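# Structure assessment
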Amino acid sequence: MRRVPAWPAWLKAPPSPKPGKLLVVLTGAGISAESGLSTFRDSGGLWEKYSIYEVATPEAWQKNPQLVLDFYNERRAQLAHVQPNPAHTLLKTLEKHFTVVVITQNVDDLHERADSSYILHLHGELTKARSTGDPELIYEIGYQPIRLGDTCEKGYPLRPHVVWFGEEVPAYPIAESWARRADIFVVIGSSLQVYPAAGLLEEATQARRRFLIDPRPTLTQGIEVIAAPASEGVRLLCEKLLG
């Protein structure tokens, strides 16, 4: 178990995009669904199988930490057996033409495995554990389970390094600042129902183009809609941006 920094290394030396070349992407569960990861809100999604209040709140952790650990251990084990899909890899390809900052609501590591250069996780990361007593103590655990009784170097129990419902989103102010700077802002596979992340679209006021990639879009005004699944949608996005 290796201790890791609380924030991505690139934030210490953030990119300085060329004028007009900052492409900011907000990704949600829909981009990872094509890799075989269950979404949360769609029919048959995780929230039909589990109650949010039993596995994804601070109260759930206090009431039944074993159930919470089991839920995230299962997600982590599943993650070990999937791969990035073309939507992930095409975002990497766009780095040849733009500075691409990926802000993701997902806790998987598929953007990392697709080798995107600038990734900010809003809701934490499955492959990490965090101290319950010192939030700065974060550890890389890969796809291994967290077991009840596992502790940090200070002796506090370890918990999943995820943001639960009812908790603050520490990365949001950073994400907000990038959304405000964006020349192009793209939403991929997000229901835009979870706040504060959904508010990032409203912050992208300087973007000359804003896109929504979703097979069943509910938002159509003030945005260019690509009504397609993530991989097909990102391919069509590349055509629109690169001509």
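Up top you'll find the structure we're talking about.
So, here's what we can say about the structure. (Residues numbered from 1 in each chain as written. Predicted model: local features only at pLDDT ≥ 70, side-chain atom pairs only at ≥ 80, totals over all residues. Heavy atoms only, no water.)

### Remarks on the side chain of threonine 104
- For threonine 104, the location among the structural elements is in strand 3 (residues 99–104).
- On the basis of relative accessibility, which here comes to 0%, the residue threonine 104 falls in the buried class.
- Not counting residues up to four positions away in its chain, the partners in contact with threonine 104 are Thr27, His111, Ile119, Leu120, His121, Leu122 and His123. (Helix = DSSP H or I, 4+ residues; strand = E, 2+ residues; numbered from the N terminus. Buried < 20%, exposed > 50% of the residue type's maximum accessible area, 1.4 Å probe, protein only. Contact = heavy atoms within 4.5 Å.)

### Details of the nonpolar core
- With 26 residues, the main nonpolar core has Leu26, Ile103, Leu122, Phe185 and Leu200 as its most contacted residues.
- Among the secondary structure elements, those contributing two or more residues to this core are strand 2 (22–27), strand 3, helix 8 (172–181), strand 8 (184–188) and helix 9 (200–203).
- Each residue touching phenylalanine 185, except ones within four places of it in the same chain, is listed here: Val24, Leu26, Ala179, Leu200, Leu201, Ala204, Ala207, Arg209, Arg210 and Phe211.
- Val55, Phe71, Leu137 and Leu158 belong to the second largest nonpolar core, which has 22 residues in total. (Core = buried A, V, L, I, M, F, W, Y, C linked by side-chain atoms within 4.5 Å.)

### Remarks on the packing of helix 6 (residues 86–93) against helix 10 (residues 230–242)
- Running from amino to carboxyl end, helix 6 crosses helix 10 at an angle of 25°, the nearest separation of the two axes being 8 Å. Taken together, the axis directions place helix 6 and helix 10 in an arrangement best described as roughly parallel. For the pair helix 6 and helix 10, contact is made by Pro86, Ala87, Leu90 and Leu91 and by Ala230, Ser231, Val234, Arg235 and Cys238, respectively.
- Split by residue class, the contact of helix 6 with helix 10 holds seven nonpolar, one polar and one charged. (Axes fitted to C-alpha atoms, helices over the stretch in contact; angles between N-to-C directions. Parallel < 35°, antiparallel > 145°, perpendicular 65-115°, else oblique. Nonpolar A, V, L, I, M, F, W, Y, C, P; charged D, E, K, R; others polar.)

### Looking at helix 8
- Within the span of helix 8, buried status applies to Tyr172, Ala175, Glu176, Trp178 and Ala179. When helix 8 is viewed along its axis, its buried side chains cluster within an angular range of 165° and face the same direction.
- The secondary structure elements touched by the buried residues of helix 8 are strand 2, strand 3, strand 4 (118–121), strand 8 and helix 9. (Arc of directions from axis to C-beta.)

### Looking at helix 5 (residues 65–79)
- Taking 1.5 Å per residue as the helical rise, helix 5 with its 15 residues ought to reach 21 Å, and the 21 Å between its terminal C-alpha atoms agrees with that figure.
- Those residues of helix 5 that sit buried are Val68, Leu69, Phe71, Tyr72, Asn73, Arg75, Arg76 and Leu79. (Expected span 1.5 Å × (residues − 1).)

### Structural notes on the pattern of salt bridges
- Applying the stated criterion across every chain yields a total of 13 salt bridges.
- Where glutamate 176 meets arginine 180, a salt bridge forms, and the shortest distance between an N and an O atom there is 3.5 Å. Of the two residues, glutamate 176 and arginine 180 both sit in helix 8, four residues apart, roughly one turn of that helix.
- Judged by its relative accessible area of 43%, arginine 180 is partly exposed.
- Where salt bridges share partners, they join Lys92, Glu95 and Asp115 into one cluster. (Salt bridge = Lys/Arg side-chain N within 4 Å of Asp/Glu carboxyl O.)

### Some details on the layout of surface pockets
- By volume, the second largest pocket is sized at about 770 Å³.
- If you trace the second largest pocket, you find 34 residues lining it, with Ala6, Trp7, Pro8, Glu125 and His161 closest to the centre.
- Elements with a contribution of two residues or more to the lining of the second largest pocket: strand 1 (2–4), strand 4, strand 5 (124–131), strand 6 (138–140) and strand 7 (158–162).
- Among the residues forming the lining of the second largest pocket, the class breakdown is 17 nonpolar, six polar and 11 charged. (1 Å grid on protein atoms, 1.4 Å probe; cavity = no way out; pocket = protein on both sides within 12 Å on 5 of 7 lines; lining within 4 Å. Points joined across faces, edges and corners; volume = space filled by probe spheres on them.)

### Let's talk about the sheet that holds strand 10 (residues 224–226)
- The strand order 4-3-2-8-9-10 describes an open sheet built from six strands, whose pairing is parallel. The open sheet terminates on both sides in strands that have one partner only, identified here as strand 4 and strand 10. Strand after strand, the sheet turns through a mean of 20° between neighbouring axes, direction not considered.
- When strand 3 meets strand 4, the two strands line up parallel, connected through four bridges. Bridging from a neighbouring strand, isoleucine 103 pairs with leucine 120 of strand 4. (Pairing = 2+ DSSP bridges.)

### Quick word on the packing of aromatic side chains
- Counted under the stated rule, the structure contains four aromatic pairs.
- With centroids separated by 5.3 Å and ring planes inclined at 65°, the aromatic side chains of tryptophan 10 and tyrosine 118 adopt a geometry described as edge-to-face. Pair noted here: tryptophan 10 is in the loop between strand 1 and strand 2 and tyrosine 118 is in strand 4, with a separation of 108 residues, a long-range link.
- By relative accessible area, tyrosine 118 is classed as partly exposed at 23%.
- Arranged with centres 4.9 Å apart and planes meeting at 90°, the rings of phenylalanine 71 and tyrosine 72 form a pair that is edge-to-face.
- Looking at phenylalanine 71, the relative accessible area reads 2%, which means it is buried.
- Of the aromatic side chains, those joined through ring pairs into one cluster are Trp10, Tyr118 and Trp178.
- The aromatic ring of phenylalanine 98 is capped on one face by lysine 21, whose charged end is 5.0 Å from the ring centroid.
- Over the ring of phenylalanine 71 we find arginine 75; its NZ or CZ atom is 4.8 Å from the centre of that ring. (Phe/Tyr/Trp six-rings, centres within 6.5 Å; stacked < 30°, edge-to-face > 60°. Lys NZ or Arg CZ within 6 Å of the ring centre and 35° of its normal.)

Function-wise, these values are silent; they only describe arrangement.
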